[in-house]
Amino acid sequence: MTMLMRLIYFSRHRLDQRYDDRERAVAEILAVAVANNQRDGITGALLYDDRWFAQVLEGDEGAVSATFERILRDPRHRDVSLVTMEGVSARRYADFAMACVGRSQDNGDLFRHYGEDDRFDPRQIRRDRLSDLIDAVVRRGPTGGPTGEQTWTTKNATSAA
Ligand code: FAD
């Protein structure tokens, strides 16, 4: 019997700091992630701001490990730090091949609240707070204010189970 795992990591992204390029680069990452994750039965969420990624991957142990190994080698980020990999009884993001939300005016309060600082720095956040932040941001969803960064989520087109 395979075990359902949840892995959380954060990393420093190496995307161009110009807004348009960053949005385009995240969209490219997401397109491949969603296709692969649907194939591999992975669900999860990806959070980003102007410096950091934080991501949750859920699925069978082997699929999560294989995905994370590919992610580790990806030159579009660096300093990948594993926060937790643990067995869980249920998926938290069952509807999402990969929900993806950027920091914006609409969720900046959540980054400040869970990060306990204006400048989001996942190295300083307790692991359970990082997990709660990702949850809270995804739950608020893709709102995207007039000057906020574009945010979106991707609904899983197939059954995640
Ligand atoms: P290939 O497509 O064969 O690419 C070969 C190498 O080039 C890989 O190291 C790849 O990472 C790198 N690469 C690919 N495209 C680019 C590019 N545009 N610029 C620079 N280098 C590139 N993949 C998933 O399957 N599921 C996920 O949930 C997922 N989440 C990700 C989250 C983040 C923050 C990042 C940065 C990447 C994520 N990826 C995810 C993508 C993953 O890293 C791999 O690129 C992807 O899985 C394809 O792997 P591959 O071995 O088939 O690489």
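Summary of the structure given here. As the structure is a computational prediction, the values presented were derived from the model and not from experiment.

## Notes on the sheet that holds strand β5 (residues 99–102)
- Within the open sheet, the five strands sit side by side as β4-β1-β3-β2-β5. Their pairing is mixed. Bordering the open sheet on either side are β4 (77–87) and β5, each of which pairs with just one other strand. Geometrically, the sheet is characterised by an average inter-axis angle of 15 degrees between neighbouring strands, direction not taken into account.
- Note that strand β2 (residues 43–48) and β5 share four bridges and pair parallel. Bridge assignment links Leu-46 to a residue of β5, and that residue is Cys-100.
- Docked against the sheet, helix α2 (residues 61–72) engages β1 (4–13), β3 (52–60) and β4, running at close to 155 degrees with respect to β3.

## Quick notes on the site of the ligand
- Taken together, 20 residues lie near the ligand, and Asn-36, Asn-37, Gln-55, Arg-70 and Asp-74 sit nearest.
- In the model, an oxygen atom of the ligand is placed 2.7 Å from a nitrogen or oxygen of the Arg-70 side chain.
- Within the side chain of Arg-76, one N or O atom sits 3.3 Å away from an oxygen atom of the ligand.
- Bound to the protein, the ligand loses 67% of the 910 Å² it would expose on its own.
- Assessed atom by atom at 2 Å from the grid points, the ligand resides in the largest pocket.
- Looking at the shell around the ligand, the elements with two or more residues in it are α1 (19–40), β3 and α2.
- Partitioned by chemical class, the residues of the shell around the ligand number 10 nonpolar, five polar and five charged.

Quick notes on the rules
- Residues numbered from 1 in each chain as written.
- Predicted model: local features only at pLDDT ≥ 70, side-chain atom pairs only at ≥ 80, totals over all residues.
- Heavy atoms only, no water.
- Pairing = 2+ DSSP bridges.
- Helix = DSSP H or I, 4+ residues; strand = E, 2+ residues; numbered from the N terminus.
- Axes fitted to C-alpha atoms, helices over the stretch in contact; angles between N-to-C directions.
- Contact = heavy atoms within 4.5 Å.
- Near = heavy atom within 4 Å.
- Polar contact = N/O pair within 3.5 Å; in protein donor to acceptor, adjacent residues only side chain to side chain.
- Areas by Shrake-Rupley, 256 points an atom, 1.4 Å probe, with all protein chains shown as cover.
- 1 Å grid on protein atoms, 1.4 Å probe; cavity = no way out; pocket = protein on both sides within 12 Å on 5 of 7 lines; lining within 4 Å.
- Sits in = over half its atoms within 2 Å of the grid points.
- Nonpolar A, V, L, I, M, F, W, Y, C, P; charged D, E, K, R; others polar.

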